[in-house]
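Residues per chain, in single letters:
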Amino acid sequence: SDRGPALLLLHGWSWPDNDPSRSMVSAAVAFQRAGFTVLVPSMRGWPPSGGEDDCAGKQVDDALQALEWLGRQSGVDADWLFLAGFSQGGQVALLAATYGAPVQAVAAFAPVVQPGAWGAVTHVEGIRNYVVEECGGPDGWPSRDVMFRASRLERPLLLVHGEADRRVPTQQSTGLYDRLTELQRPVKLELIAGAEHDQDAVLQPQLAIDFFRSIIGQHRE
């Protein structure tokens, strides 16, 4: 068939006036060269999209709708959709997967996994305010907490995190990896030595390309 796999690629948090989807261009090109159709939206709360950033609240519904749309595009095989994101985009991707996103696998790079724990341990002061305000405070955390919904993560997952990340501490990924391993879910963890919360160091498209291709290959055998 002339239809191939496609990827929804989600950016991380950015300053309010930026268009953070632009920072994903080089990663998107790498996925395109590997044969994926790539959709890179500006998430709710950043230009040119409107609305308010809600720390993986309605942004998760948006991602689910974007995947449905992507699966209907010409040239896209809806049976081979994938999901990837960096930082907050990783959180949105993981949560979308817990709501039955129609994807074969997920790659999350330096994702926020537990907003409450993140606010408690990060070294970045402003994040404590962020998790209380935009992330809904203690009442809003469970719906935004990937660990709380971990039993619903059933698709193969690749977690990639910098070992020196103090903005979104590495424990966010290693804790989820341990939980999913306990649940006997298909999960793989790659730690990048010396890397901080740095998109250029951590968002390595080839890791996800190899992971996604291995999933496609298993089904074609």
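Here is a short report on the structure shown in this document. Predicted, not measured: the structure shown is a model, and the values here were computed from it.

### Here's the deal with the packing of aromatic side chains
One pair of aromatic rings is described through two measures. These are the centre distance and the angle between the planes. On inspection of all chains with the given rule, the structure shows nine aromatic pairs. Taken together, a centroid distance of 6.2 Å and an interplanar angle of 80° make the contact between Trp-118 and Tyr-130 edge-to-face. Taken together, the positions of Trp-118 in helix H4 (residues 115-121) and Tyr-130 in helix H5 (residues 125-133) put the pair twelve residues apart, joining distant regions of the chain. An identical accessibility class is assigned to Trp-118 and Tyr-130; each is buried. Grouping aromatic residues by their ring pairs yields a cluster made of Phe-31, Phe-36, Trp-80, Phe-82, Phe-211 and Phe-212. Its guanidinium or amino end placed over the ring of Tyr-99, Arg-149 lies 3.8 Å from that ring's centre, counting from NZ or CZ.

### Overview of the state of the cysteines
Applying the stated criterion across every chain, the model contains one disulfide. Between the sulfur atoms of Cys-55 and its disulfide partner Cys-135 the distance amounts to 2.1 Å. The sign of the 85° torsion about the S-S bond sets the Cys-55-Cys-135 disulfide as right-handed. Within this pair, whereas Cys-55 is found in the loop between strand E2 (37-39) and helix H2 (58-71), its partner Cys-135 is found in the loop between H5 and helix H6 (137-144), the two being separated by 80 residues in sequence.

### A word on the pattern of salt bridges
By the definition in use, this model includes five salt bridges. Between Arg-22 and Asp-19 there is a salt bridge, with the nearest N and O atoms lying 3.4 Å from each other. With relative accessibility at 64%, the residue Arg-22 sits in the exposed group. Residue classification places Asp-19 among the partly exposed residues on the basis of a relative accessible area of 21%.

### Observations regarding the nonpolar core
By size, the foremost hydrophobic cluster in this structure holds 36 residues, and its most contacted members are Leu-8, Leu-10, Leu-83, Leu-94, Leu-157 and Leu-176. Breaking this core down by element, the ones donating at least two residues are strand E1 (4-10), H2, strand E3 (76-86), helix H3 (88-98), strand E4 (105-109), strand E5 (157-162) and helix H7 (171-182). Look past the residues within four positions of Leu-176 in its chain and what remains in contact with it is Leu-94, Val-113, Val-146, Met-147, Ala-150, Leu-153, Leu-157 and Leu-159. Counting residues in each nonpolar core, the second largest holds 29 residues, with Leu-9, Ala-27, Ala-195 and Ile-215 among its members.

### Re the environment of Ala-164
In this fold, Ala-164 is placed in the loop between E5 and H7. For Ala-164, a relative accessible area of 30% translates into the label partly exposed. Sequence-distant contacts of Ala-164, defined by excluding residues within four places in its chain, comprise Thr-170, Gly-194, Ala-195 and Glu-196.

### Here's the deal with the packing of H2 against H3
Across the interface, H2 lies against H3 with an axial gap of 9 Å and an inter-helix angle of 70°. Relative to H3, the element H2 lies roughly perpendicular. H2 and H3 meet at a crossing whose hand is right-handed. Here Gln-59, Val-60, Ala-63 and Leu-64 of H2 come into contact with H3, specifically with Gln-88, Val-92, Leu-95 and Ala-96. When the residues that make up the contact of H2 with H3 are grouped by side-chain class, the tally is six nonpolar, two polar and no charged.

### Observations regarding the side chain of Ser-14
Locating Ser-14 in the fold gives a position in the loop between E1 and helix H1 (25-33). You can call Ser-14 buried: its relative accessible area is 10%. Here Asn-18 takes part through its side chain, which lies 3.1 Å from a polar atom of the side chain of Ser-14. Setting aside residues up to four positions removed in sequence, Ser-14 forms contacts with Pro-20 and Trp-46.

### Quick word on the pairing of strand E6 (residues 187-192)
Looking at chain direction, E5 and E6 are connected through six bridges and run parallel. Bridge assignment links Gly-162 to a residue of E6, and that residue is Ile-192. Chirality of the crossover, the property in question, places the unit of E5, H7 and E6 among those that are right-handed.

### Quick look at the sheet that holds E2
The strand order across the open sheet built from six strands is E2-E1-E3-E4-E5-E6, with neighbouring strands paired in parallel fashion. Among the strands making up the open sheet, the edge pair consists of E2 and E6. Here the average twist between neighbouring strands, direction ignored, is 20°. As paired strands, E1 and E2 are joined by three bridges and run parallel to one another. Paired with Ala-6 across the bridge in E2 is Thr-37. Sitting on the sheet, H1 touches E1 and E2, and the angle it makes with E1 is about 170°. The sheet contacts of H2 involve E1, E2 and E3, and relative to E3 the element is tilted by about 145°.

About the criteria used
Residues numbered from 1 in each chain as written. Predicted model: local features only at pLDDT ≥ 70, side-chain atom pairs only at ≥ 80, totals over all residues. Heavy atoms only, no water. Phe/Tyr/Trp six-rings, centres within 6.5 Å; stacked < 30°, edge-to-face > 60°. Helix = DSSP H or I, 4+ residues; strand = E, 2+ residues; numbered from the N terminus. Buried < 20%, exposed > 50% of the residue type's maximum accessible area, 1.4 Å probe, protein only. Lys NZ or Arg CZ within 6 Å of the ring centre and 35° of its normal. Disulfide = S-S within 2.5 Å. Salt bridge = Lys/Arg side-chain N within 4 Å of Asp/Glu carboxyl O. Core = buried A, V, L, I, M, F, W, Y, C linked by side-chain atoms within 4.5 Å. Contact = heavy atoms within 4.5 Å. Axes fitted to C-alpha atoms, helices over the stretch in contact; angles between N-to-C directions. Parallel < 35°, antiparallel > 145°, perpendicular 65-115°, else oblique. Left-handed = near helix turned anticlockwise from the far one by under 90°. Nonpolar A, V, L, I, M, F, W, Y, C, P; charged D, E, K, R; others polar. Polar contact = N/O pair within 3.5 Å; in protein donor to acceptor, adjacent residues only side chain to side chain. Pairing = 2+ DSSP bridges. Right-handed = clockwise from strand over helix to strand, strands pointing away.

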